[in-house]
Amino acid sequence: MKLELILDAKAILGEGPCWDEALNGLWWVDIPEKKLHFFDPGTGLNRTIQLEQQIGAVAPRSTESLIVALQDGIYELDLRTCRLQRRAKLEERADNRFNDGKCDPAGRLWAGTLNMGGEKGAGALYRLNPDRSLEAVKTGVSVSNGLGWSPDLKKMYWIDSPTKEVTEFDYDPVSGSIDRPRTVVRFREGQGVPDGMTTDEEGMLWIAHWDGGQVSRWNPQTGEMLQSIPAPAPRVTSCVFGGPDRRDLYVTTARIRMDQRTLQQYPLSGGLFRVRTQVKGMRTYAFKG
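Attention here is on the structure that accompanies the text. (Residues numbered from 1 in each chain as written. Predicted model: local features only at pLDDT ≥ 70, side-chain atom pairs only at ≥ 80, totals over all residues. Heavy atoms only, no water.)

## So, the overall build of the chain
Counting secondary structure elements, the chain contains one helix and 24 strands. Computed over its C-alpha atoms, the radius of gyration of the chain comes to 17 Å, within 12% of the 19 Å expected for a compact globule of 289 residues. Judged by the C-alpha coordinates and their principal axes, the chain covers about 45 × 45 × 40 Å. Counting only residues that meet the buried cut, the chain has 57% of its 289 residues in that class. Pairs at least 24 residues apart make up 45% of the contacts formed inside the chain by residues separated by at least 6 positions. For the chain, the exposed surface amounts to about 12,200 Å²; the carbon and sulfur share of it is 45%. Averaged over its 38 positive side-chain charges, the chain has a centre that lies 1 Å from the centre of its 38 negative ones. (Helix = DSSP H or I, 4+ residues; strand = E, 2+ residues; numbered from the N terminus. Rg over C-alpha atoms; globule rule 2.2 N^0.38 Å. Buried < 20%, exposed > 50% of the residue type's maximum accessible area, 1.4 Å probe, protein only. Contact = heavy atoms within 4.5 Å. Areas by Shrake-Rupley, 256 points an atom, 1.4 Å probe, with all protein chains shown as cover. Lys, Arg positive; Asp, Glu negative; His and termini not counted. Charge placed at Lys NZ, Arg CZ, Asp CG, Glu CD.)

Right, dumping it as C-alpha cells:
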C-alpha cells in the first residue's frame, strides 16, 4: 500500500481531516494559518475559508453549517455566509487553544486543548453536548489528540501525544460517560509520537506518526502493530476514512518547524494524501446540537 499525493498543499500544520457524507468531500485545517479547507475528490479542487483564529478541529452539522473548535471556543460556522456564532467559550488560560476533536455516535463533540507554550498538563479534554453545555471530562492533559470509537460503541480511544500511548475507556453511548482508562498501544523508540487517529469496522486503530513518517494500523486488544504505510513526509498528523464506501484513508501532514535541508529531502511535507484500503472505516459522525 502506498500513499498517493492528492493535494500538494504545503500546509504549515495540516490537521483535523473530517469526511462530510452529505457533501461527499473532506474538511481539513491548517492550524497556524487559520485556514479551513474543503477538498472535493470528484473535481480535485480545494476551497479555503480564511478565519481569524487558529482552528483545531471541524465536524459536520448540516449541509449549511459546521461546528469548529477555534482558539478560544467552539463555534457554529454558517457555510452560506461564513459567519461564526460561538456556542461555548473556552474557560482556560489565554495561552491555551483547542486542538484535535470529533463527534461521537450520539452527536456530542469531543475536543481537547493544549498549551501553546508547551507547558505539560495545562490542557483538558472536553465534551460539548447537543444542549450546548461544555464539560471538562479529563484535566491535566498535555497535547490532546486522536479520538475514535469501537464498532460496538462500547469503547472510546484517545491520545495525549507526549505519553506516546493510546488510552482505551469504557464508553456509554447514552450518557457519553467514560470510565476505566487503560493503555492499549505504546509507541516504541523510533516510531515517533502518536497524533491523530481513526478506527475501522474491524475495531482496529489507524494512527498518524508525528516525526515517524507513517500511518499505522494497530490491534487494541493485543497492542500489536498490524500494518505500516510509509509517508513521504516525516510529520504525519492525522487520518480519516472517506469516499462512497469509506475505504479511502485520507492523511494530513505538516511542515512546521522543519529546516530547509529536511524540506528539500521531503518536499511533499504539508501535502494531503490518500490510500485505498481493504477494510471499511468507521463513519464520521455529525454534531446533533
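## Quick notes on the pattern of salt bridges
Evaluation of the coordinates by the stated rule reveals 25 salt bridges. By sharing partners, the salt bridges in this structure join Glu 21, Glu 201, Arg 246 and Arg 283 into a single network. (Salt bridge = Lys/Arg side-chain N within 4 Å of Asp/Glu carboxyl O.)

## What to know about the side chain of Asp 20
For Asp 20, the position within the fold is in strand β2 (residues 14-20). The charged side chain of Asp 20 is buried without a salt bridge, its nearest counter-charge being Arg 47 at 9.5 Å. There is a polar contact of 3.1 Å between the side chain of Asp 20 and the backbone nitrogen of Leu 23. Those residues in contact with Asp 20 that sit more than four places away from it in its chain are Gly 25, Trp 27, Pro 60 and Leu 66. (Polar contact = N/O pair within 3.5 Å; in protein donor to acceptor, adjacent residues only side chain to side chain.)

## Remarks on the environment of Thr 63
Here Thr 63 shows up in the loop between β6 (55-60) and β7 (65-70). Along the backbone, Thr 63 and Leu 23 are 40 residues apart, and their C-alpha atoms lie at a distance of 6.9 Å. In this structure Thr 63 touches Ala 22, Leu 23 and Leu 79, once residues within four positions along its chain are discounted.

## Concerning the sheet that holds strand β17 (residues 178-186)
Here we have four strands laid out as an open sheet, ordered β14-β15-β16-β17, and antiparallel in their pairing. Every interior strand has two partners, whereas the edge strands, β14 (144-149) and β17, have only one. Going from strand to strand, the sheet's axes swing by 25° on average, the running direction of each strand aside. Alignment of strand β15 (residues 155-160) against strand β16 (residues 165-171), held across six bridges, turns out to be antiparallel. (Pairing = 2+ DSSP bridges. Axes fitted to C-alpha atoms, helices over the stretch in contact; angles between N-to-C directions.)

## Considering the pairing of strand β11 (residues 109-115)
With seven of its seven residues buried, β11 lies for the most part within the structure. Here β11 shows no split at all, with Leu 109, Ala 111, Thr 113 and Asn 115 on one side and Trp 110, Gly 112 and Leu 114 on the other all buried. With six bridges joining them, strand β10 (residues 96-103) and β11 adopt antiparallel strand pairing. Residue pairing across strands places Lys 102 opposite Trp 110, the latter belonging to β11. Examined bridge by bridge, β11 and strand β12 (residues 123-128) share four bridges and lie antiparallel to one another. Bridging from a neighbouring strand, Trp 110 pairs with Arg 127 of β12.

## Section: the packing of aromatic side chains
Under the criterion given, the structure shown has seven aromatic pairs. A ring pair is formed by Trp 149 and Tyr 171, whose centres lie 6.2 Å apart and whose planes are at 65°; its orientation type is edge-to-face. Of this pair, Trp 149 sits in strand β14 while Tyr 171 sits in strand β16, placing them 22 residues apart in sequence. Relative to Trp 218, the ring of Phe 187 lies with its centre 5.5 Å away and its plane at 20°, an arrangement referred to as stacked. In this pair, Phe 187 sits in the loop between β17 and β18 (193-199) while Trp 218 sits in strand β20 (residues 214-219), placing the two residues 31 residues apart along the sequence. Trp 218 shares its class with Phe 187; the two are buried. (Phe/Tyr/Trp six-rings, centres within 6.5 Å; stacked < 30°, edge-to-face > 60°.)

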